[in-house]
Amino acid sequence: MARNAEEEKQIGELIRQSAAARSHLGDQALKLRRNLDIPARVRGSLGGHPGRWMAGSLFSGMAASFLLRRKPKHAPPASKGLLLAILAMLASAAKPLVKAWLAGCLKELLLRSQTKISPGRPVARPLPR
């Protein structure tokens, strides 16, 4: 009987130790779950320290704007006036017409020079337009 009472004490002690271990493991699991819940931690930090978050975002934005700055492009020259602007637009619109006219003149010049070089050949007719 003495042995049974001693075994019962040990069993009771083991039951208490296992209950304490389960409680400790539950607390550790809850702590780990809280640490891994990133959105909740960010919300809590934002609510607790909004000034620090604003200062940090301001600093990081300024640092990124200085580090990732592009080279400034050359500014277009300032327009001299309305008449000059209109003339510039007309000149840029007339470029295709001038190119077509010059191409036609060059074709005619080449055809004339070709007929002058070889008089024995039949006269080449101008290309239809």
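### Side note on the overall build of the chain
Then, in step 1: For the chain, the helix and strand inventory stands at four helices and zero strands.
Then, in step 2: Evaluated residue by residue, the chain yields a buried proportion of 2% over its 129 residues.
Then, in step 3: Total accessible area on the chain stands at roughly 12700 Å², and carbon and sulfur atoms take up 67% of it.

### Some remarks on the pattern of salt bridges
Then, in step 1: Taken as a whole, this structure holds two salt bridges when the rule is applied.
Then, in step 2: With its nearest N and O atoms 3.1 Å apart, the salt bridge here joins E13 to R16. Taken together, the residues E13 and R16, both in helix α1 (residues 2–36) and three residues apart, mark about one turn of the helix.
Then, in step 3: Classification of E13 as partly exposed rests on a relative accessible area of 37%.

### A few points about a nonpolar patch on the surface
Then, in step 1: Judged by side-chain polarity, L82, L83, L84, I86, L87, M89 and L90 come together as a nonpolar surface patch covering roughly 750 Å² of accessible area.
Then, in step 2: The topology assignment puts L82 in helix α4 (residues 82–117).

About the cut-offs
- Residues numbered from 1 in each chain as written.
- Predicted model: local features only at pLDDT ≥ 70, side-chain atom pairs only at ≥ 80, totals over all residues.
- Heavy atoms only, no water.
- Helix = DSSP H or I, 4+ residues; strand = E, 2+ residues; numbered from the N terminus.
- Buried < 20%, exposed > 50% of the residue type's maximum accessible area, 1.4 Å probe, protein only.
- Areas by Shrake-Rupley, 256 points an atom, 1.4 Å probe, with all protein chains shown as cover.
- Salt bridge = Lys/Arg side-chain N within 4 Å of Asp/Glu carboxyl O.
- Patch = residues over 30% accessible without salt bridge, like charges linked within 9 Å, V, L, I, M, F, W, Y side chains within 5 Å.

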